[in-house]
Amino acid sequence: MAQNFHSNSQLPSDISTTISRTAKPSSEFYSLFSEEEVLGIINALEVRREIPLKYSYKGRGAKIWDDFYLKYIIPKWYGRSNVEIDLLKSNFKYLNTNIKTGERVNIVDVGAGNSYPVKNFIRRLNKLGKVNKYIALDISDELLQVSRNNFKKWFPLVRFISSTIDIENSCVPKTLFQNQTSLEIDDAAKIFLHLGVTIGNHQNRDEVFKNFRDSMGKNDFLVFTNETGSNSTWDGIFRGGCKYHVEEIYGWVKNKIGIKSEDCELVRKYDLKTDSIVANLKLRHNHTINFSRMWIDKNIEISEGEEITIWRHHKYEMPKLLQELEGSGLQLLHYSTDKYKSHIMVICKVASQYCSVKEFLG
């Protein structure tokens, strides 16, 4: 005998309706970023599910970084050392010796932040009369203001110049090296600094190295720091930036993009594809992120369980570092590690073949 099925029969309880959310970036988001930067964020989300870390230093992100640095990074009275300040100190003799006698140098601090790491280094050079000017460069106007306030307090008589720059996307403009009294380019040697183990945070390290190469002359130095070791052997313990800075960035991103706390979680892990430690925002529901401002109208669909990278860090093993430097047209001159061999300071110059091409092209 056939059974009758009523039209109001309910579906089995194990079939659930998919929950979807719409996130809309805040008005502050659009005030912080230019149209080009918003398009860059959209592209990074679409192509590789990432909101690049560099953008988190804008607006309130500048204070987040400055507070983190002052609380956890700078030396305290009870003797905790700062790795980068110590490495600059131990490499001072090498750099000072290689500055030509009687000449002054321009210090070009790319990713200057609050300028604390360079304070003692510049003080020593300045006592020897070797500092021509200090050029602070950063993606964040807010951090450049922090840098200016600090530097003018420490060195009121040293010329300070600042400019916004994204070293992943452009070289350092030559106009920053013009003399005050003429349009001629100042030919003083330059020490380019890229501290804060920032090279390991970039998504495209090769492009960063190439932009440095194309910004440098044959007498210039590039000095940068990073952590050393194997990323894949990470022990899973959250330390330093991976703990304290990441937690603040996570809150910053949620607020600016418009994703509610209950709809996501913070995940830290080793990422095999990029050979980096990453911090990701993992979505608990399907999301549509709606960008609608500044002539932009774009929806990005992200599924439940997908992750958006908001922080990354890549440690270097020496063979890989040398490979990246050589591939970018840079030549290693000198390097040293801290006493725990966990951090490295690298000093390099433009490889001779690239200098020859530059001289040929004029």
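Preceding block: the structure.
Let us look at the structure shown here. (Residues numbered from 1 in each chain as written. Predicted model: local features only at pLDDT ≥ 70, side-chain atom pairs only at ≥ 80, totals over all residues. Heavy atoms only, no water.)

**A closer look at the overall build of the protein**
Moving on, step 1. When helices and strands are tallied, the protein shows 11 helices and 13 strands.
Moving on, step 2. Summarising its shape, the C-alpha atoms of the protein cover approximately 105 × 45 × 45 Å along the three principal directions.
Moving on, step 3. Expressed as a percentage of the 362 residues in the protein, the buried residues total 47%.
Moving on, step 4. Taking contacts inside the protein between residues at least 6 apart in sequence as the whole, the part at least 24 apart equals 71%.
Moving on, step 5. When the 50 positive and 44 negative side-chain charges of the protein are each reduced to one mean point, those points stand 7 Å apart. (Helix = DSSP H or I, 4+ residues; strand = E, 2+ residues; numbered from the N terminus. Buried < 20%, exposed > 50% of the residue type's maximum accessible area, 1.4 Å probe, protein only. Contact = heavy atoms within 4.5 Å. Lys, Arg positive; Asp, Glu negative; His and termini not counted. Charge placed at Lys NZ, Arg CZ, Asp CG, Glu CD.)

**Focus: the pairing of strand β11 (residues 307-313)**
Moving on, step 1. In terms of burial, β11 is largely enclosed, as 6 of its 7 residues are buried.
Moving on, step 2. Inspection of the sheet shows strand β8 (residues 276-283) paired to β11 by 6 bridges, in the antiparallel sense. Bridging from a neighbouring strand, asparagine 280 pairs with threonine 309 of β11. (Pairing = 2+ DSSP bridges.)

**With respect to the environment of lysine 282**
Moving on, step 1. Assignment of secondary structure puts lysine 282 in strand β8.
Moving on, step 2. With 27 residues separating them along the chain, lysine 282 and threonine 309 place their C-alpha atoms 8.7 Å apart.
Moving on, step 3. Once you skip the residues sitting within four places of it in the chain, lysine 282 turns out to touch Asp263, Cys264, Glu265, Val267, Gly305, Glu306 and Glu307.

**Here's the deal with the sheet that holds strand β9 (residues 286-293)**
Moving on, step 1. Strand order in the open sheet made by the 3 strands is β1-β9-β10, with mixed pairing throughout. Of all strands in the sheet, those bounded by a partner on one side alone are β1 (20-23) and β10 (296-302). Strand after strand, the sheet turns through a mean of 15° between neighbouring axes, direction not considered.
Moving on, step 2. Of the pairings in the sheet, the one linking β1 to β9 comprises 4 bridges and is parallel in character. Bridge assignment links alanine 23 to a residue of β9, and that residue is isoleucine 289.
Moving on, step 3. Sitting on the sheet, helix α2 (residues 35-48) touches β9 and β10, and the angle it makes with β10 is about 25°. (Axes fitted to C-alpha atoms, helices over the stretch in contact; angles between N-to-C directions.)

**As for helix α10 (residues 318-327)**
Moving on, step 1. Listing the buried residues of α10 in full gives Leu321, Glu324 and Leu325. Viewed end-on, α10 has its buried residues packed into an arc of 100°, placing them on one side of the element. Facing away from the buried side of α10 by more than 90 degrees, the exposed set consists of Pro319, Gln323 and Glu326.
Moving on, step 2. In this structure, the buried residues of α10 make contact with α8 (205-215), β6 (221-227), β12 (330-337) and β13 (343-350). (Arc of directions from axis to C-beta.)

**Here we look at the packing of aromatic side chains**
Moving on, step 1. With the rule as written, the count across this model stands at 21 aromatic pairs.
Moving on, step 2. Between the aromatic rings of tyrosine 116 and tryptophan 154, the centroid separation amounts to 5.0 Å while the plane-to-plane angle is 70°, which identifies the pairing as edge-to-face. Taken together, the positions of tyrosine 116 in the loop between β2 (105-110) and α6 (119-127) and tryptophan 154 in helix α7 (residues 141-154) put the pair 38 residues apart, joining distant regions of the chain.
Moving on, step 3. Here tryptophan 154 falls in the buried class, since its relative accessible area comes to 13%.
Moving on, step 4. The interplanar angle of 10° and the centroid separation of 4.3 Å between the aromatic rings of tyrosine 134 and phenylalanine 151 together place this pair among those described as stacked. (Phe/Tyr/Trp six-rings, centres within 6.5 Å; stacked < 30°, edge-to-face > 60°.)

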